[in-house]
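Read off the chains here:
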Amino acid sequence: MTDQPVALVTGGASGIGAAVVEALTARGYTVGCLDLNPGPAENTWAVDVSDADAVARAVGQLQDRLGPVSAVVTSAGYYEMAPVSDISEDAWRRMLRVHLGGLVNVARATLPDLIATRGSLVAVASELAVGGGDEDAHYAAAKGAILGLVRSLAVEVADTGVRVNCVAPGPTDTPLLAPDSPWRAPEYLQTLPLRRLTAPSEVARCVEYLVCDATFSTGDVVNVNSGAVI
Amino acid sequence: MSTDLRGRVALVTGAARGMGAAHARRLAAAGATVAVNDREDSEALSALATEIGGMTAPGDVSDPKSCRALATHVAATTGRLDVLVANHAYMTMAPLLEHADDDWWKVVDTNLGGTFYLVQSVLPHMRRTGAGRIVVIASEWGVTGWPEATAYAAAKSGLISLVKTLGRELAREHIIVNAVAPGVIDTPQLQVDADAAGVGLDDIHRRYAEAIPLGRIGSADEVAVAVELLSDFDLEAVVGQVISCNGGSTRTRA
């Protein structure tokens, strides 16, 4: 147990999630992570967030070890490209179960703590949820569904004082973007108003704002995307 | 918050009271030297400047000449101008056919025109240092519209489009432009609303709070936190966006 407030970050072992762990730690949180590939970090549980029972078990252990959770950030996810006719039933199902299901599973497991602590949840969506994508319909649909869930849950729990918000990152410089990804191509970067990828630390800065500072914001989306979707 | 504005200079318009004063205090607390503007010099404005270790920069921002003079004065006094927070506002309401033409245009010219001239005036100073932050205070009504607020809503919607366009236009120069859209905030304006409705201040707070998911109106500082975020020079990737501070009443539409 710790005297510090406790945050739970899914996908916290790499990319945006790891940057969020760093930012929340700097703001005084003790952070526990759920990640498919957790690595050696302490307070990290190896969990597939699409598995509701596994999430509930890991959250229970995290609560026992660290204390009640007052901040939740759902960052676990993956990206793949495929034309719509090539998206298999399995690929479609997996995409929705991890992104939308992962958010629902973690929200269900942590909501009692969030209510008790008047805490806050931030989901990581994507610019593709706002602007649509191209040859990634299952990803855009899953991330779009996150916006709908966040807007609804925000109002559903507003009278408990819990805030629920979203960040919608644009192309961010993380392992999720493969080295040969079209999002890394110089021709694409030239189309961005900022002319460069978004840094994980910039997404984490916005998450930190929503968790720690934005006490009058709920159901909102902060677009941090180098100007990709305005 | 983690924003470090030491060595930076900010100009906040409409800062004598309400939200502008809160923005000025936040930016000063983050280390910035803050020039506080209002239409006229006043004891309140001077007291604020003294409190936060800044300077006063009075002037009517609906006048382009005055905007240029303001920016020049601040930059000449402090050596630079890094952040503009365009917070000034003028609002009147009336059914469309009853809104006097002069006043309708005064609302647009002050809110939209004033910010346009301010941006023109601060740009050369930001270009000289190779970076800048422009934060425009729009309004929830600029996103949703509102009955009998055609001029104000049009001006605030115009500001949102101005911000989106300038975001695209200036980001490559590291001059980052965004908007904040406050909902109902506890400022002196609410007393005007209460008087107009013939009820007390507590009543008007309660009425507004009923329509807000979080069940209360906001404080000026709860808007200032968003201004601070968008003034952070370690954050560039939020470009041409609208950050809402409204207790959940719009749920994202911008």
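Just so you know, these numbers come straight off a predicted model, no measurement behind them.

Cut-offs and rules
Residues numbered from 1 in each chain as written. Chains lettered and ligands numbered in written order. Predicted model: local features only at pLDDT ≥ 70, side-chain atom pairs only at ≥ 80, totals over all residues. Helix = DSSP H or I, 4+ residues; strand = E, 2+ residues; numbered from the N terminus. Rg over C-alpha atoms; globule rule 2.2 N^0.38 Å. Buried ≥ 20, exposed ≤ 12 C-beta atoms within 10 Å, placed from the backbone. Contact = placed C-beta atoms within 7 Å. Expected span 1.5 Å × (residues − 1). Pairing = 2+ DSSP bridges. Axes fitted to C-alpha atoms, helices over the stretch in contact; angles between N-to-C directions. Nonpolar A, V, L, I, M, F, W, Y, C, P; charged D, E, K, R; others polar. Domains from an automatic or database assignment. Parallel < 35°, antiparallel > 145°, perpendicular 65-115°, else oblique. Core = buried A, V, L, I, M, F, W, Y, C linked by C-beta atoms within 7 Å. Bend = angle between axes of the 7 residues up to and from the residue. pLDDT = per-residue confidence, 0-100.

Take the overall build of chain B next. Secondary structure summary: chain B contains 9 helices and 7 strands in total. Taken over C-alpha atoms, the radius of gyration comes to 17 Å for chain B, in line with the 18 Å a tight globule of 254 residues would show. Taken over the C-alpha atoms alone, chain B extends approximately 50 × 40 × 40 Å along its principal axes. Across the 254 residues in chain B, those meeting the buried criterion constitute 54%. Here the contacts in chain B between residues at least 6 apart in sequence split such that 69% fall between residues at least 24 apart.

Take M1 of chain B: it is sitting in the segment before β1 (9-12). Note on M1 of chain B: 16 C-beta atoms within 10 Å, which makes it partly exposed. Once the C-alpha coordinates of M1 of chain B and A30 of chain B are considered, the two residues, 29 residues apart in sequence, prove to be 8.2 Å apart. With residues up to four places along the chain from it excluded, the contact list for M1 of chain B reads D213 of chain A together with V225 and E228 of chain B.

Here the focus is helix α1 (residues 18-29) of chain B. Residue and element names in this part refer to chain B. With 12 residues, α1 ought to run about 16 Å at 1.5 Å a step, and its terminal C-alpha atoms sit 17 Å apart, in line with that. Turning to α1, its buried residues number three or more, namely M19, G20, A21, A22, H23, A24, R25, R26, L27 and A28. G31, located one to two residues past α1, shows a positive phi value of around 110 degrees.

Residues and elements named next belong to chain A. Spatially, β3-β2-β1-β4-β5-β6-β7 is the arrangement adopted by the 7 strands of the open sheet, whose pairing is parallel. Only two strands of the sheet have a single partner each, and these edge strands are β3 (44-46) and β7 (221-224). Across the sheet, the axes of successive neighbouring strands diverge by a mean angle of 15 degrees, strand direction being ignored. With 3 bridges joining them, strand β2 (residues 30-35) and β3 adopt parallel strand pairing. In the strand pairing of β3, D35 is matched with A46.

Here the focus is unusual backbone geometry. Residues and elements named next belong to chain A. One non-glycine residue with positive phi stands out, namely R118, at about 50 degrees. Checked against the element boundaries, R118 lands in the loop between α3 (89-117) and β5 (120-124). A positive phi angle is found at R195, which is not glycine, with a value near 65 degrees. With respect to the helices and strands, the residue R195 is situated in the loop between α6 (186-189) and α7 (200-213). On the basis of neighbour counts, which here come to 13 C-beta atoms within 10 Å, the residue R195 falls in the partly exposed class.

Bringing the interface of chain B and chain A into the picture now. With 32 residues of chain B at the contact, the number on the chain A side is 31 residues. Of all the secondary-structure elements, those providing two or more residues to the side of chain B that touches chain A are α6 (150-170), α9 (220-230) and β7 (242-245) of chain B. Partitioning the side of chain B that touches chain A into residue classes produces 13 nonpolar, 11 polar and 8 charged.

This brings us to the sheet that holds strand β4 (residues 83-86) of chain B. Residues and elements named next belong to chain B. Pairing is parallel across the open sheet formed by 7 strands, whose spatial order is β3-β2-β1-β4-β5-β6-β7. Here the strands that pair on one side only, and so sit at the sheet edges, are β3 (55-56) and β7. Across 4 bridges, the pairing between β4 and strand β5 (residues 132-137) is parallel. Residue L84 lies in a different strand from β5, and its bridge partner there is I134. Strands in contact with helix α4 (residues 101-129) are β1, β4, β5 and β6 (175-182); relative to β4, the strand with the most contacts, it is inclined by about 175 degrees.

Residue and element names in this part refer to chain B. If you check the domain split of chain B, you get domain 1 (9-183 + 220-245) and domain 2 (187-217). Listed as interface residues are 5 residues of domain 1 and, on the opposing side, 4 residues of domain 2. Of the residues assigned to the side of domain 1 that touches domain 2, the class counts are 2 nonpolar, 2 polar and 1 charged.

A separate point is the packing of helix α7 (residues 189-197) of chain B against helix α8 (residues 201-210) of chain B. All names here are of chain B. Packing of α7 against α8 brings their axes to within 9 Å, and their N-to-C directions diverge by 100 degrees. In terms of orientation, α7 and α8 fall into the roughly perpendicular class. Residues L190, Q191, D193, A194 and A197 of α7 form the contact with α8, whose own contacting residues are L201, D203 and I204. Among the residues making up the contact of α7 with α8, the classes are represented as 5 nonpolar, 1 polar and 2 charged.

On to the nonpolar core. V167 and V207 of chain A together with V180 of chain B are the most contacted members of the largest nonpolar core, which totals 164 residues. Split by domain, the residues of this core number at least three in each of domain 1 (9-183 + 220-245) and domain 2 (187-217) of chain B. Excluding anything up to four places from it in sequence, V180 of chain B contacts V135, I137, A138, V223, A226, V227, L230, I243 and C245 of chain B.

The next subject is α3 of chain A. An ideal rise of 1.5 Å per residue puts 42 Å on 29 residues; α3 of chain A measures up with 40 Å between its terminal C-alpha atoms. A bend of about 50 degrees at T110 of chain A is the largest found in α3 of chain A, and the proline P112 of chain A appears one to four places after it.

The predicted model of chain B averages 95 in pLDDT, with 99% of residues at 70 or higher. Across the assembled chains, the prediction reports ipTM 0.93 with pTM 0.95.

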